[in-house]
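Structure assessment
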Amino acid sequence: MQSDPWQQWQALAALFTPGAPPVPQAGSGRAGASSSAPFADVAERFSAAARAYLDGATNASASAASPSRVEIARVFSDHLREIFADFQLPWSTGVGPNAGFGSASPAFSPNSPALGASREHQQRWERIADAWRRLDDAQRRLQRLGADALREAAADFAARLGPAPPPAVSPEALRKLYDTWIDCAEDAYARAAHGESFCNALAEYVNASSDCRRDLQTGIEHSAKFFDMPTRSEINTLHLRVKSLEEELHAVRDVRKPARKARPKAAASKAHPKRRRGKR
Amino acid sequence: MTAGSFYAALAASSHCTPGCSEKESVWRSGKATLYRYRPIARPTGAAPLLIVYALVNRPYMMDLQEDRSLIRGLLAQGLDVYLIDWGYPDGADRLTTLADYIDGQLAGCVEHILKSQRLDALNVLGVCQGGVLSLCFSALHPQRVRNLVTMVTPVDFHTPADLLSKWVRKIDVAALVGDGNVSGDILNQLFLSLMPFRLTQQKYVDLLAGSPDRARLENFMRVEQWIFDSPDQAGAAFREFVVWFYQENRLAQNRLEIAGRKVDLNTLRLPILNLIGKRDHLVPPQASIALQRLIGSDDYTAIEFDLGHIGMYISARAQHEVPAAIAQWLASR
């Protein structure tokens, strides 16, 4: 689009959000980012941090040990870790009941005696509360594993930058740093994602979401029946009946097909005398 | 180009539509539609080629635009191309099973083509999950398939690099599906999660950093549309696919039954061409390569391309290499 795409993220982000604040200068923070383009925010913050790193490392002492460059690289990688810690991984949205029912956990004490006419509802809400706790716990475990992966990525990134003098600030240099960072982040994430802890936490997250949704659905159906509204279960029952009838119909047709094929020619000609005459 | 003009160009590109080759609908059943593509080259006389696409995405990726169309490449090779479009399942399809797809809709498409062309057998190209359906169909109806091409098709679902398989291994799929369908949005999140930094960040940086010409932006937008145009999945079929294939690996372990009939890949005696993406993050190469040890056919060819999953359909390299490889292989049989 232009020589330095990084500086354009803010301008684009402002365009994605009509009425957003005026376009700030690069490195001035998160203003101008929008929900339509969350990646713009991350890229813009990356750009600012990368410029600071390149400037700082260029001015740093180029002595044999080059401790200052290593230190600057470490600060840069730590900063990247923090930036990406805000980044929502895709599995954390849309799967759980959080997407449709808000994030507040229902307050129910577990294992309280269920007595009286409302005992079934109490038990259902207890199950929902329990599923919500499991969901919350699984999400924390996933976040922790994600944070660990980012820490690994930051260490790997700092090691790759090393004590060598960096290139001058340029769009190409920024792009190379960005791609290296993404490689480090993706590699570290992949190592975590293949691990048993991550797989277990993700499965628990999905399973707790499913349990929560099932019991919430039961509650909604209970309310729907009160107002004599059709429920999902009712439609499912009707659907199963239709499916069963369709299968029976297919079975009957399958039985009749060979019988029709096996019909003697004489009988068939009797059944369609006019068509035979017409063909002549 | 300023940010404003880039934004305007991007917005204008958002309205471009995918698809470039002329086709006509020749058969329908439920939500499924069978299309036949208009020829653009002298016919080779080979048996028609039926493309069986996956249930999880839309098949227009095979014919995205003129310079990114495997279907156009196949037509240019003189092949008679058909395609199954499974459609968008809705709540009424929640009980649709894999048997309904394989023995009902896929079999219906095949019967229509064979009847209308007075043939006994045709060629099948199964893509990704569609390759799995094609393998099942070929094993159940061997007399109907003359040659089988599988493209980025998983067969062994328990290979070490298969992240998707590891993730779903402990998920209670019956509870996830419940009595309904599975939302395409959930699948989108799942696929993005496989490489979140590349797919939700770097991809958009690449968009800005590259050339701003209209053709490139339109190409990007068409792919973007395809990626997120994920149909909901019929609940019963989804449950069966995840449990039988991803969790229990029945196909590779010779324990799969569809509609009460065993799917034994070892009974496959037909020529098979297996196209593999070496950098495929969704279907790791080893998951596809496993096909060779499971089939009974002596006529097996595997070609590995240095491409990723999506690159196998839309990369410039794929346009030159993949249709030609398929056509040459078919012509030699």
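Calculation notes
- Residues numbered from 1 in each chain as written.
- Chains lettered and ligands numbered in written order.
- Predicted model: local features only at pLDDT ≥ 70, side-chain atom pairs only at ≥ 80, totals over all residues.
- pLDDT = per-residue confidence, 0-100.
- Helix = DSSP H or I, 4+ residues; strand = E, 2+ residues; numbered from the N terminus.
- Contact = placed C-beta atoms within 7 Å.
- Axes fitted to C-alpha atoms, helices over the stretch in contact; angles between N-to-C directions.
- Parallel < 35°, antiparallel > 145°, perpendicular 65-115°, else oblique.
- Left-handed = near helix turned anticlockwise from the far one by under 90°.
- Nonpolar A, V, L, I, M, F, W, Y, C, P; charged D, E, K, R; others polar.
- Buried ≥ 20, exposed ≤ 12 C-beta atoms within 10 Å, placed from the backbone.

A word on the confidence of the model for chain A. Reading predicted coordinates in detail is not appropriate for stretches of low pLDDT. Residues and elements named next belong to chain A. When pLDDT is averaged along chain A, the result is 76, and 65% of the positions lie at 70 or above. Summarising per-element confidence for chain A, the mean pLDDT is lowest in helix 10 (residues 273-279) (41) and highest in helix 7 (residues 196-226) (94). Below a pLDDT of 50 lies the segment residues 20-36, which in the model reaches 34 contacts outside its immediate sequence neighbourhood of four places, other chains included. Of the regions scoring below 50 in pLDDT, residues 266-280 engages in two contacts with residues more than four places distant in sequence or in other chains.

Another aspect to go through is the environment of B:R72. Within the secondary structure layout, B:R72 lies in helix 2 (residues 70-76). For the pair B:R72 and B:E22, spaced 50 residues apart in sequence, the C-alpha to C-alpha distance is 9.5 Å.

Glancing now at the packing of helix 1 (residues 3-13) of chain B against helix 9 (residues 214-228) of chain B. All names here are of chain B. Viewed as axis vectors pointing N to C, helix 1 and helix 9 meet at an angle of 50 degrees, and their least axial separation amounts to 9 Å. It follows that helix 1 is oblique to helix 9 by the angle criterion. Our pair here, helix 1 against helix 9, has a crossing hand that is right-handed. Contacts between helix 1 and helix 9 involve A9, L10 and S13 on the former and, on the latter, R214, L217, E218 and M221.

Before going further, it helps to examine the packing of helix 5 (residues 119-161) of chain A against helix 6 (residues 171-194) of chain A. All names here are of chain A. Look at helix 5 against helix 6: their axes get within 8 Å of each other, and the N-to-C directions meet at 140 degrees. Accordingly, the angle class assigned to the pair helix 5 and helix 6 is oblique. The element helix 5 and its partner helix 6 pack so that their crossing is right-handed. For the pair helix 5 and helix 6, contact is made by L145, D148, A149, L150, E152, A153, D156, F157 and R160 and by T180, W181, C184, A185, A188, Y189 and A192, respectively. Looking at the contact of helix 5 with helix 6, its residues break down into 11 nonpolar, one polar and four charged.

Let's shift gears to unusual backbone geometry. All names here are of chain B. A positive phi angle, close to 50 degrees, is found at R118, a residue other than glycine. By secondary structure assignment, the location of R118 is in the loop between helix 3 (98-117) and strand 7 (122-127). Phi angles above zero are rare outside glycine, and V152 is one such case at about 40 degrees. Tracing the sequence through the fold places V152 in the loop between strand 8 (145-151) and helix 5 (163-168).

On to the environment of B:Y53, then. All names here are of chain B. Checked against the element boundaries, Y53 lands in the loop between strand 3 (49-52) and strand 4 (63-65). You can call Y53 buried: it has 24 C-beta atoms within 10 Å. Sequence spacing of Y53 and W86 is 33 residues, and the spatial spacing of their C-alpha atoms is 8.1 Å. Here Y53 is in contact with P59, M62, L83, I84, V127 and G130, once residues within four sequence places are set aside.

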